[in-house]
Amino acid sequence: MVVDKSDTADVDLIFHALADATRRDIITRVLRAEQSVSALAQHYSMSFAAVQKHVAVLERAALVSKERRGREQVVHADVTSLRRAAQLLAAYEKLWRDRVGGIEQLLAEDRERQ
């Protein structure tokens, strides 16, 4: 698998953002329907500022975007970055499956020689 060095910083941001359970929950909520930061904050036992910081991490990773509507900031999910993460994981899975297939082939050849 060839890793494009220009993509590594973006991918690191995505996986860093997804590493936190609260941020994953925020993404799940905004994938279902856009929500204001205020509405999101009501679901967590943390301050509004802490939720804003989580949203900022997601925004830096391009997993969400915010749109100002009057006094509120509405959060939207961006599935493009989620797809990139899924594609990378799929590539790692293919490497793993190919390696397992190679081991199975070696074992089969060993059994034939015996």
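Sequence order as written defines residue numbering, which begins from 1 separately in each chain. Whole-chain, interface and lining totals are the exception, using all residues; otherwise, since this is a predicted model, local features are given only for residues with pLDDT of at least 70 and side-chain atom pairs are given and counted only at 80 or more. Derived side-chain values reflect all non-hydrogen atoms in the structure, with water molecules and hydrogen atoms excluded from consideration.

The protein chain has the name DNA-binding transcriptional ArsR family regulator in an unreviewed UniProt entry, where Micromonospora polyrhachis is given as its organism.

Caption draft 1: Region of interest: the environment of R29. Put simply, DSSP marks the helices as runs of H or I at least four residues long and the strands as runs of E at least two long, and each gets a number from the N terminus on. When you line up the elements, R29 lands in helix α2 (residues 21–32). On a C-alpha basis, the gap between R29 and D10 in space is 23 Å, while along the polypeptide they are 19 residues apart. When near neighbours in sequence (up to four residues on either side) are disregarded, R29 contacts Q35, L40, H43 and Y44. Polar side-chain contacts of R29 include one of 2.7 Å to the side chain of D25. Any two residues whose heavy atoms approach within 4.5 Å at even a single point are treated as in contact. Here a polar contact is taken to be a pair of N or O atoms separated by no more than 3.5 Å, where protein atoms must pair a possible hydrogen donor with a possible acceptor and residues adjacent in sequence count only if both atoms sit in side chains.

Caption draft 2: Highlighting the pattern of salt bridges. For this analysis, a salt bridge means a side-chain nitrogen from Lys or Arg found within 4 Å of a carboxyl oxygen belonging to Asp or Glu. All chains considered together, the criterion is met by 6 salt bridges. With its nearest N and O atoms 2.7 Å apart, the salt bridge here joins D25 to R29. With a gap of 4 residues between them, D25 and R29 both fall in helix α2, about one helical turn apart. If you follow the salt bridges from partner to partner, you end up with E34, E67 and R69 in one network.

Caption draft 3: Region of the structure containing the pairing of strand β3 (residues 72–77). Whether two strands pair comes down to DSSP finding at least two bridges between them. As defined by bridge partners, strand β1 (residues 35–36) adjoins β3 across 2 bridges and the pair is classed as antiparallel. Its bridge partner lying in β3, S36 is registered against V74.

Caption draft 4: Spatial organisation of the packing of α2 against helix α4 (residues 48–60). As a rule, the C-alpha atoms of each element are fitted with a line to give its axis, helices using only the stretch in contact, and angles between N-to-C directions run from 0 to 180 degrees. Contact geometry of α2 with α4 gives a least axis separation of 10 Å together with a crossing angle of 75 degrees. Between α2 and α4, the angle is such that the two are roughly perpendicular. Between α2, through T22, R23, I26 and I27, and α4, the contact on the second element is made entirely by V51, H54, V55, V57 and L58. Here roughly perpendicular refers to angles of 65 to 115 degrees, roughly parallel to angles under 35, roughly antiparallel to angles over 145, and oblique to all remaining angles.

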